[in-house]
Amino acid sequence: MNSVVIGSGFGGIAAALRLKAKKHDVTLIEKHKDLGGRARVFKKNGFIFDGGPTVITAPYLIYELFELFNKRPEDYIKIQPLDIWYRFVFEDGESFDYSGNDESMKNQIEKINKNDIKGYENLLKFTQKIFDKGFSELSDVPFDKPLFMIKQIPALIGLKSYKSVYSLVSSYIKNEKLRRILSMHPLLVGGNPFTTTSIYGLILYLEKKWGVHYSMGGTGNIIKGLEKLMIEENIKILKGSEVTNINFQKGKIKSVTLKNQEEILSNNVICNADPPAVYEELLNNKRKNFIFNWKKKRMEYSMGLFVYYFGTKKIYENVAHHTIKFGDKYKEHLDDIFENKKLNEDISFYLHRPSATDKSMAPENHDCFYVLVPVPNNQSKINWLKEGEKLKELVIKKMEKNLLPNLKNNIVEDFYLTPDYFEKELNTKYGSGFSIQPKFTQSAYFRFHNKSEVYDGLYFVGAGTHPGAGIPGVLSSAKVLDKIL
Ligand SMILES: Cc1cc2nc3c(=O)[nH]c(=O)nc-3n(C[C@H](O)[C@H](O)[C@H](O)COP(=O)(O)OP(=O)(O)OC[C@H]3O[C@@H](n4cnc5c(N)ncnc54)[C@H](O)[C@@H]3O)c2cc1C
């Protein structure tokens, strides 16, 4: 059996390895000259900038890939737990160090609103129930049969999946600051906490169960370790090769064509590339499937991302590894991103400082950062060539005020990426950061299926398919393949 995997994000690499372990003859094809997709690495003058994922959760899903071949993960990568998971900072200067330490969590909640301690404990218990169902039971099983979905409905209703994460958290927690902190998790997978199904509240418990980790040398080191493993296991890797067509005969996949016109025959094609873009751009002999076309047409896409990478000649000793800064108009900012599709000056953002944990990420006596600002995806038609520079200035000003004094004068290296990068370089529809949104009506059976509902021999792994975005999500999508291929 031979299988072609298109795309080398975490999902694509995991799929290639899992199929290889099942004795398939596997070819991995990546458009870029380096692997990783959203987890690519940019190295500049001694700074190592992880392009995307920085928070490592459920590391066992990464270890499993090495263990499939009886290899020891520690011979390839080093993943270590962090003490403080996120530092939340509010406009009035108040901050909260979020972690797995129960005592510290309760002390800090008490300082903000002591009446919310009981609610926090009950919320944790409830998210454990969501986790047991949504992650442990359903994250790596195929959702390609309507009957299977229907069978899950009573349990999902019992878990209040009709509520948003924010509304679920608000039913336990009264204080607005704590509500924001405890409901922010959908943002990590591209959703709006005010509209994302409460099922994604499971991330709160997932962090609690396995902790929040960092990969020494950066997340890119995990990609490097997995690439080494793929080479050792004789997976053929074609870099700098873009697939321009997936070819089929009588509805059955037969080959892919590369940009240089080379055709590669294959029994199966596994797409790690964004599903809507695959269906629209790579399968241009469209088969008629009324329900599928209707589903695809009404899909809503996740937010876009503006990511500003910068290195400083000053070390900002007191800045945590992960900081989330809430603007005052948090909800309005999210409404502008997801509904109104316009920019807002009162931004909330996430600041990453890997050199807080790992000095190898910056030259000596320097500090390494990226700041991520959620923005509308390219359905907004924002001209990023014009707005990019303005947003960079705005976010520098905001960081100077609350977190990094005199920042502008200390920057020695910088560049930024906008939704244009995600659209043009990573082939993602509308340049969304995380493919389609994690809404109830776009989850499980309603998401793009892991086994295509239109073409025989076509499969999907990665953010746009079940179970969804984020490293644990896309690694689980590759586990679904184990059950269907
Ligand atoms: C800035 C940012 C921060 C994030 N932070 C976190 C985090 O801290 N923790 C976390 O768990 N998740 C995080 N995420 C989400 C996580 O990174 C993604 O959900 C996940 O990495 C996506 O992996 P994927 O398997 O879907 O593939 P992708 O990374 O999307 O890769 C798809 C690959 O397919 C290739 N491709 C596309 N079309 C073709 C073609 N025609 N031919 C050949 N190749 C093609 C692309 O070049 C790309 O390499 C973050 C994402 C971003 C963008």
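Residues numbered from 1 in each chain as written. Predicted model: local features only at pLDDT ≥ 70, side-chain atom pairs only at ≥ 80, totals over all residues. Heavy atoms only, no water.

Draft legend 1. Spatial organisation of the overall build of the protein. A tally of helices and strands in the protein yields 16 helices and 19 strands. Taken over the C-alpha trace, the protein has a radius of gyration of 22 Å; the compact-globule value for 485 residues is 23 Å, and the two agree within 12%. In terms of principal-axis extent, the alpha carbons of the protein reach across some 65 × 55 × 45 Å. Residue burial in the protein is summarised as follows: out of 485 residues, 62% are buried. For the protein, the share of sequence-separated contacts (at least 6 apart) that also reach a separation of at least 24 residues comes to 73%. Here the protein has roughly 19,600 Å² of accessible surface; of this, 51% comes from carbon and sulfur atoms. When the 70 basic and 57 acidic side-chain charges of the protein are each reduced to a single mean position, those positions are 5 Å apart. (Helix = DSSP H or I, 4+ residues; strand = E, 2+ residues; numbered from the N terminus. Rg over C-alpha atoms; globule rule 2.2 N^0.38 Å. Buried < 20%, exposed > 50% of the residue type's maximum accessible area, 1.4 Å probe, protein only. Contact = heavy atoms within 4.5 Å. Areas by Shrake-Rupley, 256 points an atom, 1.4 Å probe, with all protein chains shown as cover. Lys, Arg positive; Asp, Glu negative; His and termini not counted. Charge placed at Lys NZ, Arg CZ, Asp CG, Glu CD.)

Draft legend 2. The arrangement of the site of the ligand in detail. Surveying the vicinity of the ligand reveals 38 residues, the closest of which are G11, E30, R38, V55 and N272. Within the backbone of V243, one N or O atom sits 3.0 Å away from a nitrogen atom of the ligand. When the ligand is considered free in solution it has 1,000 Å² of accessible area, and contact with the protein chains removes 95% of it. When contributions to the shell around the ligand are tallied by element, the ones reaching two or more residues are helix 1 (10–21), strand 17 (367–375) and helix 16 (471–484). It is helix 16 that contributes the most residues to the shell around the ligand, three residues altogether. Its residues placed into classes, the shell around the ligand shows 19 nonpolar, 15 polar and four charged. (Near = heavy atom within 4 Å. Polar contact = N/O pair within 3.5 Å; in protein donor to acceptor, adjacent residues only side chain to side chain. Nonpolar A, V, L, I, M, F, W, Y, C, P; charged D, E, K, R; others polar.)

Draft legend 3. Representation of the side chain of S161 in the model. Counting through the fold element by element, S161 comes out in the loop between helix 5 (146–158) and helix 6 (165–170). In this structure S161 touches L156, T197, S198, I199 and F440, once residues within four positions along its chain are discounted.

Draft legend 4. Broad picture of the sheet that holds strand 12 (residues 263–265). Pairing within the open sheet is antiparallel, and its three strands lie in the order 10-11-12. One side of each edge strand has no neighbouring strand; the edge strands of this open sheet are strand 10 (243–249) and strand 12. Here the average twist between neighbouring strands, direction ignored, is 30°. (Pairing = 2+ DSSP bridges. Axes fitted to C-alpha atoms, helices over the stretch in contact; angles between N-to-C directions.)

Draft legend 5. Main features of the pattern of salt bridges. Evaluated as defined, the whole model comprises 35 salt bridges. A salt bridge links K118 to E121; its shortest N-O distance comes to 3.4 Å. Taken together, the positions of K118 and E121, both in helix 4 (residues 117–137) and three residues apart, correspond to about one turn of that helix. (Salt bridge = Lys/Arg side-chain N within 4 Å of Asp/Glu carboxyl O.)

Draft legend 6. Representation of the packing of aromatic side chains in the model. Inspection of every chain in the model, using the stated rule, returns 40 aromatic pairs. Ring plane angle 10° and centroid distance 5.7 Å describe the contact between F88 and F326, whose orientation is recorded as stacked. You can see F88 sitting in strand 6 (residues 84–89) and its partner F326 sitting in the loop between strand 15 (322–325) and helix 12 (330–340), a full 238 residues away along the chain. Measuring from ring centre to ring centre gives 4.9 Å for F310 and F369, while their planes differ by 10°; the resulting arrangement is stacked. With F310 in strand 14 (residues 304–312) and F369 in strand 17, the pair connects residues that are 59 residues apart, well separated along the chain. Through successive ring pairs, a cluster of aromatic residues spans F42, F47, F49, Y309, Y350, Y370, F415, Y421 and F422. Directly above the aromatic system of F415 lies the positively charged group of K44, at a separation of 4.7 Å from the ring centroid. Against the face of F90 rests K177, its NZ or CZ located 5.3 Å from the ring centre. (Phe/Tyr/Trp six-rings, centres within 6.5 Å; stacked < 30°, edge-to-face > 60°. Lys NZ or Arg CZ within 6 Å of the ring centre and 35° of its normal.)

Draft legend 7. Expanded view of the packing of helix 3 (residues 102–113) against helix 4. Running from N to C, helix 3 and helix 4 cross one another at 135°; their axes reach a closest spacing of 9 Å. Classified by the interaxial angle, the pair formed by helix 3 and helix 4 is oblique. Of the residues in helix 4, those touching helix 3 at M105, K106, I109, E110 and N113 are I117, Y120 and E121. Of the residues belonging to the contact of helix 3 with helix 4, the class tally is four nonpolar, one polar and three charged. (Parallel < 35°, antiparallel > 145°, perpendicular 65-115°, else oblique.)

Draft legend 8. Expanded view of the sheet that holds strand 2 (residues 25–29). With parallel pairing, five strands are arranged side by side in an open sheet as 9-2-1-13-19. Pairing within the sheet leaves two strands with one partner each, and these edge strands are strand 9 (236–238) and strand 19 (458–460). Ignoring strand direction, the axes of neighbouring strands in this sheet form an average angle of 20°. Bridge count for strand 1 (residues 2–6) against strand 2 is five bridges, and the pairing is parallel. Across the sheet, residue S3 finds its bridge partner in strand 2, namely V26. Running at roughly 170° to strand 2, helix 1 makes contact with strand 1, strand 2 and strand 13 (268–271) of the sheet.

Draft legend 9. Structural context of the environment of P154. Residue position: P154 is located in helix 5. P154 sits 52 residues away from D102 along the chain, and the two C-alpha atoms are 32 Å apart.

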